Amino acid sequence: MTHKDKLNDFKNLDFRLAESSSEKFKRLFWEERESLTITLIVSSILLVFFVHPILVLPLAAYYIYFKNEAQVDFFKEFTEKNKLDYQRTGDASDMVGNLFKIGHSKSVENLIEGFYGERKARFFYYSYSTNEYRYFSHYGAIYNFTVLEVFFDGINLPDMLLRPKKKRKSIDPRLRRQGDNERKMNLESEFSHYYNLFFHDGYGIEATQIFSKDFLRFLVKQKYIFNIELRENRLYVYEKSRIRSIEKLSSLFQVTERVVENIEPVLKRLNKDFVVLDQFYRKK
């Protein structure tokens, strides 16, 4: 039996098999530790009011700890019942998207491995930190993402990025920068209000074939605001947040499935063209 035979397809996931992280948090934070939680809350309020506001930090740490533990418990139960591989932490060094090339203190958590058809796929939380200057003060910023990664082995994909225009103010400004060999496509008005499409110089026709009008209409209709990036032999679909709700997690897996279904036949048809173009344009 191969490794693939042991793992489920991401197309067949059942999110109802696992207790939601919010229910797990309620049980861990309140039901199992009600007295301790109430004591900490009351003590923190008194200390903040009579001593110093910074004394709320122990309560915040207590809350965050059980929030994260509830999420870990959810993923453990979810992967076990859906026959997937789970690792609490992973390694960001083998990831190739632009998202993973900036910042430091990079972290991969709740790594889930499965497949989309014949394609290996991984889900994970990703974060990195930076030092920034804003409002004349120096501080460290931490950026969190939820990522789905799909491998297209044997195909050298041209660099492309479909980025939603609706962005959180806290997103790292370096992710918005345009590369030296990157071009921005002028999308038609029905799409230009929602997305920006970037592609490596020389791959404009291929970009319009992969991100077709029908595909963009699907994204707009479903109100999907995920970033979609093609780079080397990988597809990345990600959002700038740690998605915790089952509904949004399900949406991420569904849209990635649709992305794979839409681009795979195009990639197979254009693979020879990519090889020819790659020899010319990547030398620039």
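Just so it is clear, the structure is predicted and the values come from calculations on it, not from any experiment.

A. Representation of the overall build of the chain. The helix and strand tally for the chain stands at eight helices and nine strands. Counting the 284 residues in the chain, one finds 47% classified as buried. Taking as baseline every contact in the chain between residues at least 6 positions apart, the subset at least 24 positions apart corresponds to 71%. Only carbon and sulfur atoms are counted for the fraction: they give 52% of the accessible area of the chain, which is about 15,500 Å².

B. View of the pattern of salt bridges. What the rule picks out here adds up to 18 salt bridges. Of the charged contacts in the structure, one is a salt bridge between glutamate 32 and arginine 33, with a shortest N-O distance of 3.5 Å. A relative accessible area of 28% means that arginine 33 is categorised as partly exposed. The partner of lysine 81 in a salt bridge is glutamate 77, with the nearest N and O atoms 2.9 Å apart. Of this pair, lysine 81 and glutamate 77 both sit in helix H4 (residues 57-81), separated by four residues, roughly a single helical turn. On the accessibility criterion, glutamate 77 (18% relative accessible area) is buried. One salt-bridge network, in which partners are shared between bridges, spans Glu19, Lys24, Arg27, Glu32, Arg33, Glu77 and Lys81.

C. Up close: the nonpolar core. Within the largest apolar cluster, 50 residues are counted, with the highest numbers of intra-cluster contacts made by Phe10, Phe123, Phe211, Leu219, Ile228 and Leu235. The dominant element in this core, judged by the number of residues it contributes, is helix H8 (residues 246-281), at nine residues. For isoleucine 228, the residues in contact, after removing those within four places along its chain, are Met160, Leu161, Leu162, Phe211, Phe215, Leu219, Leu235, Tyr236, Val237 and Val259.

D. Focus on the packing of aromatic side chains. For the structure on display, the rule yields 29 aromatic pairs. With centroids separated by 4.9 Å and ring planes inclined at 20°, the aromatic side chains of phenylalanine 25 and phenylalanine 29 adopt a geometry described as stacked. With a gap of four residues between them, phenylalanine 25 and phenylalanine 29 both fall in helix H2 (residues 21-31), about one helical turn apart. Of the two residues, phenylalanine 25 and phenylalanine 29, both sit in the buried class. Measuring from ring centre to ring centre gives 4.8 Å for phenylalanine 49 and phenylalanine 50, while their planes differ by 85°; the resulting arrangement is edge-to-face. Three or more aromatic residues joined by ring pairs form one cluster here, namely Phe10, Phe15, Phe74, Phe75, Phe78, Tyr116, Phe123, Tyr125 and Phe253. Cation over ring: arginine 258 sits above phenylalanine 218, and NZ or CZ is 4.0 Å from the ring centre.

E. Seen up close, empty space enclosed by the protein. Using the criterion set out here, one finds one cavity of 30 Å³ or more in the structure. Estimated volume of the largest cavity: approximately 40 Å³. Lining the largest cavity are Tyr195, Leu219, Tyr224, Phe226, Ile228, Val237 and Val255.

F. Examining a nonpolar patch on the surface more closely. Nonpolar side chains collect at one region of the surface, where Trp30, Ile38, Val42, Leu46, Leu47, Phe49, Phe50 and Val51 lie side by side and expose about 830 Å² of accessible area between them. It is helix H3 (residues 34-50) that contributes the most residues to the nonpolar patch, six residues altogether. Note that leucine 46 resides in helix H3. Looking at leucine 46, the relative accessible area reads 46%, which means it is partly exposed.

G. Structural view of unusual backbone geometry. Even without glycine at this site, lysine 83 takes up a positive phi of about 60°. Exposure remark for lysine 83: the relative accessible area of 60% places this residue in the exposed category. A positive phi angle, close to 60°, is found at lysine 223, a residue other than glycine. Following the sequence through the fold, lysine 223 ends up in the loop between helix H7 (213-222) and strand E8 (227-232). Given the relative accessible area of 71%, lysine 223 is considered exposed.

H. How the structure looks around the confidence of the model for the chain. Chain-level pLDDT for the chain is 83 on average; 83% of the residues reach the 70-or-more range. Note on residues 133-138: pLDDT under 50 across the span, and five contacts to partners over four residues away in sequence or across chains.

Calculation rules
- Residues numbered from 1 in each chain as written.
- Predicted model: local features only at pLDDT ≥ 70, side-chain atom pairs only at ≥ 80, totals over all residues.
- Heavy atoms only, no water.
- Helix = DSSP H or I, 4+ residues; strand = E, 2+ residues; numbered from the N terminus.
- Buried < 20%, exposed > 50% of the residue type's maximum accessible area, 1.4 Å probe, protein only.
- Contact = heavy atoms within 4.5 Å.
- Areas by Shrake-Rupley, 256 points an atom, 1.4 Å probe, with all protein chains shown as cover.
- Salt bridge = Lys/Arg side-chain N within 4 Å of Asp/Glu carboxyl O.
- Core = buried A, V, L, I, M, F, W, Y, C linked by side-chain atoms within 4.5 Å.
- Phe/Tyr/Trp six-rings, centres within 6.5 Å; stacked < 30°, edge-to-face > 60°.
- Lys NZ or Arg CZ within 6 Å of the ring centre and 35° of its normal.
- 1 Å grid on protein atoms, 1.4 Å probe; cavity = no way out; pocket = protein on both sides within 12 Å on 5 of 7 lines; lining within 4 Å.
- Points joined across faces, edges and corners; volume = space filled by probe spheres on them.
- Patch = residues over 30% accessible without salt bridge, like charges linked within 9 Å, V, L, I, M, F, W, Y side chains within 5 Å.
- pLDDT = per-residue confidence, 0-100.

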